[in-house]
Amino acid sequence: MYLCGLIFFMIHLILFGPPGSGKGTQAVKLAEYFNLTHISTGDLFRYEIEQKSELGLKALEFMGQGQLVPDEITIGMLKKKLLSVPDTHGIIYDGFPRTIAQAKSLDSMLAEDDQQIDLLLSLEVPDEEIVKRILNRGKSSGRPDDNDESIIRTRIQVYSNETAVVFEHYAGYNKSKPINGLGSIDDIFERLCRCIDPLVVD
Ligand code: AMP
């Protein structure tokens, strides 16, 4: 296992990849291990849906179809969340940004505080494995968008059409890295840690 030591500056890390690639599972582990704040826009939307808030009801219209929630709603929610984050060593973004507009907004928000995205790690998993994993997760997740194969395939399509290009956006700054998303949870975690360790100061 890797010894990361202490972090003395704030890091901003995007955990990227298609739905079902393991972002959520790995983000929770990484946040704990590196003492970072985990922000999942999917979780934020599901919380709003549970609360039956106006934002939640609006988001549900899109989530239920496997489509992205419109940028202005998502970016507004993320901004509000960032303002409420207490002192932290850094942030892991899980499921955000999912469009170029979201990436550019995030870059501008961070630039206002002289900060930037340090690294995007993209979990690479073949489509058929994703469908299998999400259907399996659907047995216990209770998520309606995990239980219908056609919605799952729409989500994969949306990822290819609208989200994958975010990898290229950060590749342009030499910040994007593909990571093999197959194998045990621990193996994948170690692959991710190996990339994050150099960002962390002893
Ligand atoms: P997730 O939990 O990340 O798989 O997200 C579940 C659903 O929430 C997605 O299929 C979208 O409908 C919505 N969602 C989550 N994050 C975003 C985002 N950054 N932009 C737009 N929609 C999002």
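Because the structure is a prediction, the values reported are computed rather than measured.

Reading guide: rules and limits
Residues numbered from 1 in each chain as written. Predicted model: local features only at pLDDT ≥ 70, side-chain atom pairs only at ≥ 80, totals over all residues. Heavy atoms only, no water. Helix = DSSP H or I, 4+ residues; strand = E, 2+ residues; numbered from the N terminus. Buried < 20%, exposed > 50% of the residue type's maximum accessible area, 1.4 Å probe, protein only. Disulfide = S-S within 2.5 Å. Pairing = 2+ DSSP bridges. Axes fitted to C-alpha atoms, helices over the stretch in contact; angles between N-to-C directions. Contact = heavy atoms within 4.5 Å. Near = heavy atom within 4 Å. Polar contact = N/O pair within 3.5 Å; in protein donor to acceptor, adjacent residues only side chain to side chain. Areas by Shrake-Rupley, 256 points an atom, 1.4 Å probe, with all protein chains shown as cover. 1 Å grid on protein atoms, 1.4 Å probe; cavity = no way out; pocket = protein on both sides within 12 Å on 5 of 7 lines; lining within 4 Å. Sits in = over half its atoms within 2 Å of the grid points. Nonpolar A, V, L, I, M, F, W, Y, C, P; charged D, E, K, R; others polar. Points joined across faces, edges and corners; volume = space filled by probe spheres on them. Expected span 1.5 Å × (residues − 1). Arc of directions from axis to C-beta.

## Regarding the environment of Pro144
Then comes step 1: Its location among the elements puts Pro144 in the loop between helix 6 (127-141) and helix 7 (149-163).
Then comes step 2: Exposure remark for Pro144: the relative accessible area of 62% places this residue in the exposed category.
Then comes step 3: When the C-alpha atoms of Pro144 and Gln65 are compared, they prove to be 9.6 Å apart, with 79 residues separating the residues in sequence.

## Here's the deal with the state of the cysteines
Then comes step 1: Applying the stated criterion to the full structure yields 0 disulfides.
Then comes step 2: With no disulfide partner, Cys195 has as its closest neighbouring cysteine sulfur the one in Cys193, 9.3 Å distant.

## Section: the sheet that holds strand 3 (residues 90-94)
Then comes step 1: Taking strand neighbours across the sheet as the criterion, the 5 strands line up as 2-3-1-4-5 in an open arrangement whose pairing is parallel. Both outer strands of the open sheet, strand 2 (37-40) and strand 5 (176-180), are each paired with one neighbouring strand and no more. Neighbour-to-neighbour, the strand axes of the sheet open up by a mean angle of 20 degrees, direction not taken into account.
Then comes step 2: Relative to strand 4 (residues 119-124), strand 1 (residues 11-16) runs parallel, the two sharing 4 bridges. Bridging across to strand 4, Phe16 finds its partner in Ser122.
Then comes step 3: Helix 1 (residues 23-34) rests against strand 1, strand 2, strand 3 and strand 4 of the sheet, and its axis sits at about 170 degrees to strand 3.

## Thoughts on the site of the ligand
Then comes step 1: Within the structure, the ligand sits among 16 residues, and Thr41, Arg46, Gln67, Gly95 and Arg98 are positioned closest to it.
Then comes step 2: Between a nitrogen atom of the ligand and a side-chain N or O atom of Thr41, the distance comes to 2.8 Å.
Then comes step 3: Take Gln67: an N or O atom from its main chain is 2.7 Å from an oxygen atom of the ligand.
Then comes step 4: Summarising the interface, the protein chains cover 96% of the accessible area of the ligand, which totals 480 Å² for the free molecule.
Then comes step 5: The cavity that encloses the ligand is the largest pocket.
Then comes step 6: With 4 residues, the top contributor of residues to the shell around the ligand is helix 2 (residues 41-50).
Then comes step 7: Taken together, the residues of the shell around the ligand sort by class into 5 nonpolar, 6 polar and 5 charged.

## Remarks on the layout of surface pockets
Then comes step 1: Computed from the structure, the largest pocket encloses a volume of approximately 960 Å³.
Then comes step 2: Surrounding the largest pocket, 47 residues form its lining, Gly20, Lys23, Arg137, Arg143 and Arg155 being those nearest its centre.
Then comes step 3: Looking at the lining of the largest pocket, the elements with two or more residues in it are strand 1, helix 1, strand 2, helix 2, helix 6, helix 7 and helix 9 (185-196).
Then comes step 4: The residue inventory of the lining of the largest pocket, partitioned by class, reads 17 nonpolar, 20 polar and 10 charged.
Then comes step 5: Its boundaries defined by the atoms lining it, the second largest pocket holds a volume of some 350 Å³.
Then comes step 6: Looking at the lining of the second largest pocket, the elements with two or more residues in it are helix 4 (71-84) and helix 5 (100-111).
Then comes step 7: In the lining of the second largest pocket, the residues fall into 8 nonpolar, 3 polar and 4 charged.

## Quick word on helix 9
Then comes step 1: Between its terminal C-alpha atoms helix 9 stretches 16 Å, which fits the 16 Å expected from 12 residues at 1.5 Å a residue.
Then comes step 2: Along helix 9, the residues that are buried comprise Ile188, Phe189, Leu192, Cys193, Cys195 and Ile196. Across the axial projection of helix 9, the buried residues extend over an arc of 160 degrees, all falling on one side.
Then comes step 3: Of the surrounding secondary structure, the elements contacted by the buried residues of helix 9 are strand 1, helix 1, strand 4 and strand 5.

## Remarks on the environment of Glu48
Then comes step 1: Assignment of secondary structure puts Glu48 in helix 2.
Then comes step 2: Residue Glu48 is classed as buried on the basis of its relative accessible area of 19%.
Then comes step 3: Glu48 sits 11 residues away from Ala59 along the chain, and the two C-alpha atoms are 8.4 Å apart.
Then comes step 4: For Glu48, the contacting residues outside a window of four places in its chain are Ser53, Leu55 and Gly56.

This is a description of form; function is not addressed.
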